[in-house]
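One letter stands for each residue in the lines below.
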Amino acid sequence: AEYMGRSALIMSLNDGLVEYVAVNETLGSLNGTSLHDAMDDDPRHHGAPAASLLLFAMLVGAQFGLHYWRTKQPKSYHAVTLVGFWLIPGCISVYLSFYRMLFFWLCFTGVSAYLLYKAQQKPLNVKTPRQVYSWFLWIYRACYFVAVVGYVLWMFEFFGLRLLLSLPDFFPELAVSALFYGLYYGIFGRDLAEQCAERMATSLGFSKRSGGRLPHNICGLCGDELKRLDEDSTAEQEEIMTLPCSHLYHEFCLRGWAIVGKKDTCPYCSEKVEIKSLLKNNPWETRSLTVANLMDSVRYLVVWVPVIILLAQGMFKVFGIQ
């Protein structure tokens, strides 16, 4: 029924267009001009092919330029991309009055900036790696859930299930928003976690602070007491990790130590151990080429496509193309 309705609408529009052209041709013949002559005299129709070619050339040239920049100067490329990935959505939200996006953007920026500040402090607080990992792990899980919900809602719209189930009309908009929030903040959180890891000090450990023997009920990183899962059911509990050297740590403390780069030594005795094998499912380490290409595509769409469009509009004004 929907297909037949759309076909009838297209046929009616086609009939209306034919009638519109016929009337304009008749009026134009009375005035000595035709519709085609009027279109040829309109400067906007002369500038449209030139604008399309210029925009296409800029897109192709930007691809080669960005690839060359990324190959020759990867650090500066990633730094500029990260700054653009942060600033451009915020500026667009202010310009277009997207207050919901602006609210989440400001909240995420505030917390992440605070963690970046703590990651650069010297001497580094021993609890900072744990806080960094906990925050960005929560961001990762929340964004993963939101993106999956957005994808499911979009599949409902794509296969026509929304109309079949009589779901509200705002579902398509909700699906697109959820996909964008999940992808944007998920990728942004991953990039900021790497920045925090690079800035955190590599000198941590209970032995370096106290010089004494590590008690069996103390975490070798944060110095807090280790509580077994069956000791207190009401308190906030966390899994305890035991390394081959028999030293014990909170799971998130050890994960924070791992993202700093200490993946093969015990934080207390510096014995060489394979911490990475004990810490599985790290959201910041992926070997999937598909995921890496997806993240690069989102960064390109968010950062460089708006920049290219703004440059193209500037070129249109310089050359007088409408």
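None of the values given here were measured: they were computed from a predicted structure. (Residues numbered from 1 in each chain as written. Predicted model: local features only at pLDDT ≥ 70, side-chain atom pairs only at ≥ 80, totals over all residues. Heavy atoms only, no water.)

Participant: Mind laying out the packing of helix α5 (residues 99-119) against helix α8 (residues 171-199), listing which residues take part and the relevant values?
Facilitator: As a packed pair, α5 and α8 sit with axes 10 Å apart at the nearest point and diverge in direction by 10°. For the element pair α5 / α8, the angle class is roughly parallel. Where α5 approaches α8, its residues R100, M101, F104, W105, F108, S112, L115, L116 and A119 are matched on the opposing element by S177, F180, Y181, Y184, Y185, F188, G189, L192, Q195, C196 and R199. In the contact of α5 with α8, the residues fall into 14 nonpolar, 4 polar and 2 charged. (Axes fitted to C-alpha atoms, helices over the stretch in contact; angles between N-to-C directions. Helix = DSSP H or I, 4+ residues; strand = E, 2+ residues; numbered from the N terminus. Parallel < 35°, antiparallel > 145°, perpendicular 65-115°, else oblique. Contact = heavy atoms within 4.5 Å. Nonpolar A, V, L, I, M, F, W, Y, C, P; charged D, E, K, R; others polar.)

Participant: Go over the packing of aromatic side chains, please, and point to the residues and values.
Facilitator: Taken as a whole and judged by the stated rule, the model has 20 aromatic pairs. Each residue in the set F85, F103, F104, F108, W135, W138, F180, Y181, Y184, Y185 and F188 is aromatic and connected to the rest through ring pairs, giving one cluster. (Phe/Tyr/Trp six-rings, centres within 6.5 Å; stacked < 30°, edge-to-face > 60°.)

Participant: Explain unusual backbone geometry to me, and be specific about the residues and the numbers.
Facilitator: Phi is positive for S97, which is not a glycine, with a value near 60°. In this model, S166 sits at a positive phi of 55°, which is unusual for a non-glycine residue. Within the secondary structure layout, S166 lies in the loop between α7 (161-164) and α8. Judged by its relative accessible area of 64%, S166 falls in the exposed class. (Buried < 20%, exposed > 50% of the residue type's maximum accessible area, 1.4 Å probe, protein only.)

Participant: Explain a nonpolar patch on the surface residue by residue, including any values.
Facilitator: A surface patch of nonpolar side chains, about 760 Å² in accessible area, is lined by W154, F158, F159, L161, L164, L165 and V176. For the nonpolar patch, the secondary-structure elements that each account for two or more residues are α6 (128-158) and α7. Position of L164 relative to the elements: it lies in helix α7. (Patch = residues over 30% accessible without salt bridge, like charges linked within 9 Å, V, L, I, M, F, W, Y side chains within 5 Å. Areas by Shrake-Rupley, 256 points an atom, 1.4 Å probe, with all protein chains shown as cover. Salt bridge = Lys/Arg side-chain N within 4 Å of Asp/Glu carboxyl O.)

Participant: Which residues make up α6, and what are the values?
Facilitator: Counted at 1.5 Å a residue, the expected span for α6 with its 31 residues is 45 Å, and the 44 Å between its end C-alpha atoms agrees. G160 lies just past α6 and shows a positive phi near 75°. (Expected span 1.5 Å × (residues − 1).)

Participant: Provide a residue-level description of the pattern of salt bridges, including the pertinent values.
Facilitator: Using the criterion set out here, one finds 5 salt bridges in the structure. For the salt bridge of D296 with R70, the shortest nitrogen-to-oxygen distance reads 3.4 Å. Of this pair, D296 sits in helix α12 (residues 289-319) while R70 is found in helix α3 (residues 43-72), placing the two residues 226 residues apart along the sequence. Two residues, R162 and D169, come together in a salt bridge whose shortest N-O distance is 3.1 Å. By relative accessible area, D169 is classed as exposed at 66%. Taken together, the salt bridges that share partners define one network made up of R70, D191, D296 and R299.

Participant: How would you sum up the side chain of S112? Please name residues and give values.
Facilitator: Structurally, S112 is set in helix α5. With relative accessibility at 2%, the residue S112 sits in the buried group. The residues touching S112, leaving out its near neighbours within four places in the chain, are W135, F136 and L192.

Participant: Quick rundown of the confidence of the model for the protein chain? Include the residues and the values.
Facilitator: When pLDDT is low, close inspection of the predicted coordinates is not appropriate. Averaged over all residues, the pLDDT of the protein chain equals 75, while 67% of them reach at least 70. Predicted confidence for residues 201-210 stays below pLDDT 50, and this span has 30 contacts to residues more than four positions away or in other chains. Throughout residues 231-235 the model reports pLDDT below 50, and contacts reaching past four residues in sequence, or to other chains, amount to 1 contact. (pLDDT = per-residue confidence, 0-100.)

Participant: Outline the side chain of S177, supporting the account with residue identities and numerical values.
Facilitator: Considering the arrangement of structural elements, one finds S177 in helix α8. Assessed through its relative accessible area of 18%, S177 is described here as buried. At 3.0 Å, the side chain of S177 and the backbone oxygen of E173 are in polar contact. (Polar contact = N/O pair within 3.5 Å; in protein donor to acceptor, adjacent residues only side chain to side chain.)

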